[in-house]
Amino acid sequence: MLLAKVISRLKNEADLNLVSIKVIVANIVSIDDSDVAVNAIKDFTNGKKRNLFLKDAIFELTGIKPEILDTGYVEHERCLTVKANDAEVCIRPDAGIARGWVPFGRRDNTECADRDFREDWNMDLKLFNKQQRGAGILYTVSYKQL
């Protein structure tokens with residue numbers, strides 16, 4: 001969900017004309033077909049469900065149907081690259097949910113699940129970095145001329 005929100009905000013705030021979105025994720029091999037809600041700070045255990053959630057979230061927030069690739073090697077799990085004909089910008093957040101990002105505020109936020117987002121795609125889930133108290137979430141941004 002975080003990825004979908006970042007793409008949506010970039011599109012709207014920077015007034016970008018996005019033509020396509022490609023998401024490269026690790027393959028999840030699972031036979032877990034249960035209809036259990038996935039907590040917002042937990043990993044999906046079923047690749048098909050994760051991919052469907054990503055497709056739906058990105059489409060609902062950007063209006064663009066993304067291509068989800070879940071085979072092969074994932075270069076960096078948190079790198080968002082925006083490419084144009086002559087340049088590219090890479091945005092890479094430091095740490096991540098596995099390394100200290102947690103929902104901020106009420107207990108309800110920590111129990112938020114994929115089903116909750118499906119009811120309200122614009123739901124705001126504020127995060128903070130418990131590893132670096134008060135420092136917020138840091139990003140590395142790089143620009144490359146092509």
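Residues numbered from 1 in each chain as written. Predicted model: local features only at pLDDT ≥ 70, side-chain atom pairs only at ≥ 80, totals over all residues. Heavy atoms only, no water.

**Considering the layout of surface pockets**
Short version of the rule: Cavity means a closed set of points on a 1 Å grid over the protein atoms alone, one where a 1.4 Å probe fits but cannot get out, pocket means an open set with protein on both sides within 12 Å along at least 5 of 7 lines, and lining means a residue has an atom within 4 Å of a point. Grid points are joined across faces, edges and corners, and a volume is the space filled by probe spheres set on the points. Secondary structure elements follow DSSP: runs of H or I no shorter than four residues count as helices, runs of E no shorter than two count as strands, and numbering proceeds from the N terminus. The classification used treats Ala, Val, Leu, Ile, Met, Phe, Trp, Tyr, Cys and Pro as nonpolar, Asp, Glu, Lys and Arg as charged, and all other residues, Gly among them, as polar.
Its boundaries defined by the atoms lining it, the second largest pocket holds a volume of some 190 Å³. Elements that contribute at least two residues to the lining of the second largest pocket include exactly helix H2 (47-62) and helix H4 (114-119). For the lining of the second largest pocket, the residue count by class is 6 nonpolar, 1 polar and 5 charged.

**Thoughts on the side chain of glutamate 88**
Our working rule: Residue contacts are defined here by distance: any two heavy atoms, one from each residue, within 4.5 Å place the two residues in contact.
Take glutamate 88: it is sitting in strand S4 (residues 87-93). Excluding residues that lie within four positions of it along the chain, glutamate 88 makes contacts with Thr81, Val82, Lys83, Ser142, Tyr143, Lys144 and Leu146.

**Some words on the packing of aromatic side chains**
Counted only if it meets this: Stacked, edge-to-face and tilted are the three classes for Phe, Tyr and Trp ring pairs, Trp counted by its six-membered ring, which pair at centre distances within 6.5 Å; planes under 30 degrees apart are stacked, over 60 edge-to-face, the rest tilted. Note on exposure labels: buried denotes an accessible area under 20% of the residue type's maximum, exposed denotes more than 50%, and partly exposed covers the range between, all computed with a 1.4 Å probe on protein chains only.
Under the criterion given, the structure shown has 2 aromatic pairs. When the centroid spacing of 5.7 Å and the interplanar angle of 40° are considered together, the rings of phenylalanine 44 and phenylalanine 53 count as tilted. Classification of phenylalanine 53 by relative accessible area gives buried; the value is 5%. Here the aromatic residues Phe44, Phe53 and Trp121 are joined through ring pairs into a cluster of three or more.

**As for the sheet that holds strand S3 (residues 80-83)**
The condition that has to hold: Pairing between two strands is assigned when DSSP locates at least 2 bridges connecting them. Simply put, an axis is a line fit to the C-alpha atoms, just over the touching stretch for a helix, and the angle between two N-to-C directions goes from 0 to 180 degrees.
Judged by pairing direction, the sheet is antiparallel, and its 3 strands sit side by side in the order S3-S4-S7 without closing on themselves. Both outer strands of the open sheet, S3 and strand S7 (139-145), are each paired with one neighbouring strand and no more. Adjacent strand axes in the sheet meet at a mean angle of 15° when their direction is disregarded. Two strands pair when backbone bridges link them, and S4 and S7 are joined in this way by 7 bridges, in the antiparallel orientation. Along S7, the bridge assignment pairs alanine 87 with glutamine 145. Contacts between helix H1 (residues 2-13) and the sheet are confined to S3 and S4, with S3 contributing the most and set at about 30° to the helix.

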